[in-house]
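Survey of secondary and tertiary structure
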Amino acid sequence: MTKAISILGSTGSVGVQALSVCQSLELNVVALTANKNIDLIEKQAREFCPEIISVSKETDAIELSKRLAGTRIDVLYGSDGLNAAATISSADTVLTAIVGIAGLWPTLAAIAASKKIALANKETLVAGGRLVIDEAQKYSVDIIPVDSEHSAIFQSLQGNSISEIERIIITASGGPFRGFSKKQLTKVTVEDALINPNWVMGNKITIDSATLMNKGFEVIEAAYLFGIPAGKIECIVHPQSIIHSMVEYCDSSIIAQMGLPNMMLPIQYALTYPKRSINKLERANFEKISSLTFEKPDTDVFPCLRLAYDALKEGGNATAIINSANEAAVELFLNNQITFVDIPFVIEKALNKCTHITNPQFEDIILTDIESREFVRKEFKK
Ligand code: NDP
């Protein structure tokens, strides 16, 4: 069980909920980081009194230092600050809740410092894949999933053996455009895409949920986290989001983890594992949940899921290519520079055109990130 925690990305959707969990579990919060939301991190710093906080820019750090004068909190910035938060000696656990590939480097630093990882940042395993798992093994570090689907799989695995798994079934809400035709998708706006039927999340993951790239990333994350090949991982659309994922075993038994959709539970489980802890979360009432339904995801209308499987099957840096192409494309979409249907189109192009590397090392992933983003930006400058 976690006692002292560093939270990377404390001002985001997962970060804010994680702090609430820390409060109810009475954990010692020793470090917090943000990108640029200095008002919120100041408020969090005053409330939780960590040893250090870190933000991206030096100017923001100077401003925060002035605001927090008289406290004992050290204000840091940039990659050194992030690194300090990821490796701080007083933390036994680092919760990685930064969005995007920016979360990869501090996660690797935390692993090398032998911290237990509570992993929310799915891009870490999508881009870093084998490298991250190898590092975790090298330093004997546990990676406990925070993502609700992986937490469900992890919980369904307790007491069972990975070698007995027949298949993993990852559930998906289907996002706001479930049932849409290709033609209907050409007209959707950023505002439409930013509404998720069941989960309140940061903007990037909400768009990923709408394109089904989020589900694709979860397939990749599950493959690396649990050591399961792509052919044994299935996705099913389950609009009620009550079953968070399932594991089928060799004897045909299926074990599922269920509950009302609320990220507080998987965050809490990652911090209390291997124990459970009482909380005040709303309980599921099966008389009110009249039906649980399932449907096949439409990869013709939502090609991102197929692209994720393609990249996973190929291996090497292919998943890093789609990760960075997706980040660049989602950013352009959020800025109204491309349409929703341009997102899978350009990711597929990047997957076909960027340099493929069989056994990528740390530097290869950095170069892949640069090349893939650059490719997407150039495509839309034409
Ligand atoms: P948000 O966008 O809400 O928060 C992101 C956090 O990362 C913020 O604290 C932000 O700081 C910080 N940040 C952003 N960019 C950088 C950067 N370049 N360097 C350092 N810090 C940065 O994201 P979410 O909380 O929704 O998601 C976080 C991660 O967890 C993602 O990888 C997502 O896929 C995953 N996840 C999220 C779930 C959810 O329910 N939200 C569920 C499962 C997984 P600032 O606020 O200052 O910008």
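Look above for the structure.
Residues numbered from 1 in each chain as written. Predicted model: local features only at pLDDT ≥ 70, side-chain atom pairs only at ≥ 80, totals over all residues. Heavy atoms only, no water.

The subject of this paragraph is the sheet that holds strand S11 (residues 254-258). Judged by pairing direction, the sheet is mixed, and its 4 strands sit side by side in the order S9-S8-S10-S11 without closing on themselves. The open sheet has two free edges, formed respectively by strand S9 (233-237) and S11, since each of these has just one partner strand. Within this sheet the neighbouring strands show an average axis-to-axis angle of 20°, counted without direction. Two elements, strand S10 (residues 243-249) and S11, share 5 bridges in a ladder whose sense is antiparallel. In the sheet register, serine 245 faces S11, and the bridge partner there is glutamine 257. (Pairing = 2+ DSSP bridges. Helix = DSSP H or I, 4+ residues; strand = E, 2+ residues; numbered from the N terminus. Axes fitted to C-alpha atoms, helices over the stretch in contact; angles between N-to-C directions.)

The next point concerns the site of the ligand. The environment of the ligand is made up of 24 residues, and the closest members are Thr11, Lys36, Asn37, Glu123 and Gly202. Measuring from an oxygen atom of the ligand, one finds a backbone N or O atom of lysine 36 at 2.7 Å. Between an oxygen atom of the ligand and a main-chain N or O atom of alanine 120, the distance comes to 3.4 Å. Calculation on the ligand without its partners gives an accessible area of 900 Å², and the protein chains cover 85% of this total. Looking at the shell around the ligand residue by residue, the class counts come to 10 nonpolar, 10 polar and 4 charged. (Near = heavy atom within 4 Å. Polar contact = N/O pair within 3.5 Å; in protein donor to acceptor, adjacent residues only side chain to side chain. Areas by Shrake-Rupley, 256 points an atom, 1.4 Å probe, with all protein chains shown as cover. Nonpolar A, V, L, I, M, F, W, Y, C, P; charged D, E, K, R; others polar.)

All right, on to the pairing of strand S1 (residues 4-8) then. S1 sits mainly inside the fold: 5 of its 5 residues count as buried. Of the two faces of S1, the one carrying Ala4, Ser6 and Leu8 and the one carrying Ile5 and Ile7 are both buried. As paired strands, S1 and strand S2 (residues 28-33) are joined by 5 bridges and run parallel to one another. Paired with leucine 8 across the two strands is threonine 33, which belongs to S2. The parallel pair S1 and S2 is bridged by helix H1 (residues 13-25), and the resulting crossover is right-handed. Here S1 pairs with strand S5 (residues 93-96) via 4 bridges, running parallel. Paired with leucine 8 across the strands is threonine 96, a residue of S5. (Buried < 20%, exposed > 50% of the residue type's maximum accessible area, 1.4 Å probe, protein only. Right-handed = clockwise from strand over helix to strand, strands pointing away.)

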